[in-house]
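Descriptive structure summary
The primary structure of each chain is shown beneath.
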Protein chains: 2
Amino acid sequence: MEAARKEYAELRARGLSLDLTRGKPSPEQLDLAGDLLSLPGGGDVKAADGTDTRNYGGLLGLPELREIFAGPLQVPAGQLLALGNASLTLMHDNVVQALLSVVPGGERRWADEPRVRFVCPVPGYDRHFGVCERYGIDMVPVPLTGEGPDMDVVEELVASDPTIKGMWCVPKYSNPTGEVYSDETVRRLAAMRTAAPDFRLFWDNAYAVHHLTGERVEILSILDACAEAGNPDRAFVFGSTSKITTAGSGVAFVGSSPANVAWMKERLLKQTIGPDKVNQLRHVRFFRDTDGVTAHMERHRALLEPRFAAVYEVLESELGPLGIAEWTRPKGGYFVSLDVPDGCASEVVRLAKEAGIALTPAGAAFPYGKDPRDREIRLAPSFPSVEEVREAMRAVAVCVRLAAAEQEAAGTAG
Amino acid sequence: MEAARKEYAELRARGLSLDLTRGKPSPEQLDLAGDLLSLPGGGDVKAADGTDTRNYGGLLGLPELREIFAGPLQVPAGQLLALGNASLTLMHDNVVQALLSVVPGGERRWADEPRVRFVCPVPGYDRHFGVCERYGIDMVPVPLTGEGPDMDVVEELVASDPTIKGMWCVPKYSNPTGEVYSDETVRRLAAMRTAAPDFRLFWDNAYAVHHLTGERVEILSILDACAEAGNPDRAFVFGSTSKITTAGSGVAFVGSSPANVAWMKERLLKQTIGPDKVNQLRHVRFFRDTDGVTAHMERHRALLEPRFAAVYEVLESELGPLGIAEWTRPKGGYFVSLDVPDGCASEVVRLAKEAGIALTPAGAAFPYGKDPRDREIRLAPSFPSVEEVREAMRAVAVCVRLAAAEQEAAGTAG
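Computed from a prediction, not measured in an experiment: that's the story for all the values here.

What to know about the relation of the copies chain B and chain A
Laying chain B over chain A is done by rotating through 180° and shifting 0.0 Å along the axis; what remains is an RMSD of 0.0 Å. Such a combination of rotation and displacement between the chain copies is what one expects of a two-fold axis. Of the C-alpha atoms belonging to chain B, the one lying closest to the rotation axis is found on B:Ser38, 2.0 Å away. By residue overlap, the copies meet face to face through one surface: 100% of the interface positions of chain B are interface positions in chain A.

In structure tokens, the structure reads:
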């Protein structure tokens, strides 16, 4: 305890200012897409079909861009829409539209239901939970198992409760644990009986091509699995280039069955005259084809891999021998999930903050911001330099050791 | 009648293919913003405050772009948000949000009201009406007077009926008549007593800087007028660069009172991580300042003025002497509104279509697509060349003459 206090005092005295909070690409990653900033150029602004991309129209996005991302997102190009600048907006808007207009297969608008609930695998993405919270959609947490959500629990919930209308899924390199849904999990999600006829999977394939190792993990196509199981309209698939090209100035996608696409199109016809086609052309010219995306993601990996390696290296050397923490080693995505002793996460985040290290608030990865065991901390090492990651992680280790020592001392005292 | 039939037959025989349907900028107009296509370039991607525009964040848009458009849109920059690529989306989303979350001053969500109605000045913009129709909002048409909507009618409606929650307004160079709201109209709209405490003006200032003559018409600031009248939260103001830079790849704005901005921000926090800041930076670099916008709009005017002149010239020579039609001569905007004899508009549009001239469907400028007098036709001369406009208008004149003659013959026969 004394040693832990001393090293924490030394840490604070250093007056660090480091940030491991959000999964932001680093400037070096953004530089990889530098050519985008002068594209398409003045010469040729026509899409493949001759459309002048600078004028109105083209509600569903440029077909050639949809072709490029059809493979990575596992949606046929004809059913994949290229829309605004953020997949979060597309998810939000689909929830909102389900509240206000009957989803295919449904009997009434969700706004007219006495209660709407969503299944939320935990830990998960705080912004998914934020959409539910805003619209009064109750969240039912279900634990992840290492192969996706606990399907025994999910199956029982959705079969017995008609108020469960949806479920958030990040099926590959999940935020924050790096979870990858097994083929068996995907098949069970597609085939399970649901009490609600208008149940929807919100399939956020945010990290479809965001590999961190030489192994490019593939998952089953949810749309194919749903069609095979006789539930073709079950899933909305989302993705974007936010962590491929630029964050906030990329292109977002949503894909689904023909019936769901028709449902979305009805709304789009009233909401917009069309997406930013010049930006879509810019992306087409930049990537050229799907191989262009793959090659580009290798360049991201070269920048990200050493940062993740720095996290593991420090955690292993500083906390490994003590047995007071566990962490993930994701094969892709943007996060490492660190589990500290139960009841210690908030204290670690607080100690880190006072030492100048910003961490994601404890509990952020859980509905309503409440981690029932107060143990999970999401680490985002993409933005700082490798040396900053190493320094920040050493500081985190100091905080974990002190929080654990404090807890043990309190336990002994009481 | 015989002469009219003969000239129509000759017209059809020519096999024309011309389009006066939508207010789209011409390729020459889009070329004016050609420099945008290689901006911002790779060199400097920082906003004025140092923000890297390529990364996440900046929920309300780039301050320097909001400064540039604060004057033209008559909204203080701090209350003006620069968001997506289309003001229609911002209007749609505000209607949707009013349905799902209580507007400042309101008692309940509009979705929980037994009935919601909007005042719709007519003729008006079809896409405004489309938003209402989609969400079951009833539309109450009110005639335009030449100084804006008939305020005696509007005042009585909103004072007596608490189900009237909103009103669409295009206050300057209105689509399709070119109407400009007088200062008196703006003051009465700001000051009128409304039965609904959460009544909102949807103030679509789409043509704020889109002058067609040397006279740059100015209107009163609706936000100022509302504040002075003690109704500071009454108006949402919308605008975009769609018809300034590129259509669909521009920047859209929404501005309002601090309370309304806070209400919008609550939603934005859940819907997005931020707008496309690179595109906003592109626009800042292109315009530099508000004078840059003014100078740019003069270049648009140079291209648009001859097209409008061609419309007037043909209408005067071909229909003027007959006294069977009237038309507007707007000082700005994108449209000429042509009134043909009552009951003839649909027939004119049909005849034109069969002769290869696409016109906006008759009734499009009215709620539910129904012009009670079937007389208004919206002409959009911006996209075709001057010679094409002239040719299309000659064809329209032929169709008007035939429809009027047919109607007269039917009247005589009956």
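Observations regarding the environment of B:Leu39
With respect to the helices and strands, the residue B:Leu39 is situated in the loop between α2 (27–31) and α3 (63–73). Separated by 166 residues in the primary sequence, B:Leu39 and B:Asn205 have C-alpha atoms spaced 27 Å apart. With residues up to four places along the chain from it excluded, the contact list for B:Leu39 reads A:Leu37, B:Arg282, B:Arg285 and B:Phe286.

A closer look at the interface of chain B and chain A
Chain B puts 56 residues into the contact, and the matching count from chain A is 56 residues. Among the residues chain B hides against chain A, the three largest losses belong to B:Leu37, B:Arg54 and B:Tyr56. Together they make up 18% of the total. Across the contact surface, chain B and chain A share four salt bridges. Across the pair B:Arg134 and A:Glu266 runs a salt bridge whose closest N-O atoms are separated by 3.9 Å. In this assembly, chain B and chain A are joined by 28 residue pairs in polar contact (both at pLDDT 80 or more). Of all elements in the fold, only α2, α4 (87–100), α5 (126–134), α9 (258–271) and α10 (277–287) of chain B reach the threshold of two or more residues within the side of chain B that touches chain A. Ranked by residue count, the leading element in the side of chain B that touches chain A is α4(B), at eight residues.

Thoughts on the packing of aromatic side chains
Throughout the structure, instances matching the rule amount to 26 aromatic pairs over all chains. Here B:Trp168 and B:Phe202 contribute two aromatic rings whose centre-to-centre distance is 5.2 Å and whose plane-to-plane angle is 55°, an arrangement assigned as tilted. Of the two residues, B:Trp168 is situated in strand β5 (residues 164–169) and B:Phe202 in strand β6 (residues 200–204); the sequence distance between them amounts to 34 residues. On the basis of relative accessible area, B:Phe202 is assigned to the buried category, the value being 0%. Pairwise contacts between aromatic rings join A:Trp110, A:Phe118, A:Trp168, A:Phe202, A:Phe236, A:Phe238 and A:Trp263 into one cluster. Above the face of the A:Phe383 ring, A:Lys24 is positioned so that its terminal group lies 5.1 Å from the ring centre.

What about the domain arrangement of chain A?
You'll often see interface size given as the accessible area lost when the parts meet. Residue and element names in this part refer to chain A. In terms of domains, chain A is made up of domain 1 (2–23 + 293–413) and domain 2 (45–288). Each partner contributes residues to the interface: domain 1 has 28 residues there, and domain 2 has 34 residues. Interface of domain 1 and domain 2: buried area, both sides summed, is about 2700 Å²; carbon and sulfur atoms make up 63% of it. Looking only at domain 1, the three residues that lose the most surface to domain 2 are Val293, Lys331 and Tyr368, adding up to 25% of its buried area. Our count for the contact surface shared by domain 1 and domain 2 stands at three salt bridges.

Remarks on the packing of α3(B) against α10(B)
Residues and elements named next belong to chain B. Two elements in contact, α3 and α10, have axes whose closest approach is 9 Å; the angle formed by their N-to-C orientations is 50°. The angle between the axes of α3 and α10 places the two elements in the oblique class. Of the two elements, α3 crosses α10, and the hand of that crossing is left-handed. Side by side, α3 and α10 meet where Glu64, Leu65, Ile68 and Phe69 of the first sit next to Gln280, His283, Val284 and Phe287 of the second.

Topic: helix α10 (residues 277–287) of chain A
With ten of eleven residues buried, α10(A) is to be regarded as a mostly interior element. Within α10(A), the full set of buried residues consists of A:Lys277, A:Val278, A:Asn279, A:Gln280, A:Leu281, A:Arg282, A:His283, A:Val284, A:Phe286 and A:Phe287. Next to the buried residues of α10(A) lie α3 (63–73), β2 (80–82) and α11 (290–318) of chain A together with α10 of chain B. By the N-cap criterion, in which a side-chain oxygen at the helix start approaches the backbone nitrogen of a residue two or three places on, α10(A) is capped by A:Asp276, the distance to A:Val278 being 3.2 Å.

So, the sheet that holds β5(B)
Residues and elements named next belong to chain B. Strand order in this open sheet of seven strands is β2-β8-β7-β6-β5-β3-β4, and the pairing throughout is mixed. Taken across any chain shown, the strands that pair with only one partner, and hence form the sheet edges, are β2 (80–82) and β4 (138–143). Across the sheet, the axes of successive neighbouring strands diverge by a mean angle of 20°, strand direction being ignored. Sheet topology note: the β5/β6 ladder contains four bridges and is parallel. Each bridged residue has a counterpart across the sheet, and for tryptophan 168 the counterpart in β6 is phenylalanine 202. Sheet strands touched by α4: β3 (117–122), β5, β6, β7 (235–240) and β8 (252–255). Its angle to β7, the strand with the most contacts, is close to 155°.

Parameters at a glance
Residues numbered from 1 in each chain as written. Chains lettered and ligands numbered in written order. Predicted model: local features only at pLDDT ≥ 70, side-chain atom pairs only at ≥ 80, totals over all residues. Heavy atoms only, no water. Least-squares fit on C-alpha atoms with pLDDT ≥ 70 in both. Contact = heavy atoms within 4.5 Å. Helix = DSSP H or I, 4+ residues; strand = E, 2+ residues; numbered from the N terminus. Buried area = accessible area lost by both parts, 1.4 Å probe. Salt bridge = Lys/Arg side-chain N within 4 Å of Asp/Glu carboxyl O. Polar contact = N/O pair within 3.5 Å; in protein donor to acceptor, adjacent residues only side chain to side chain. Phe/Tyr/Trp six-rings, centres within 6.5 Å; stacked < 30°, edge-to-face > 60°. Buried < 20%, exposed > 50% of the residue type's maximum accessible area, 1.4 Å probe, protein only. Lys NZ or Arg CZ within 6 Å of the ring centre and 35° of its normal. Domains from an automatic or database assignment. Axes fitted to C-alpha atoms, helices over the stretch in contact; angles between N-to-C directions. Parallel < 35°, antiparallel > 145°, perpendicular 65-115°, else oblique. Left-handed = near helix turned anticlockwise from the far one by under 90°. Pairing = 2+ DSSP bridges.

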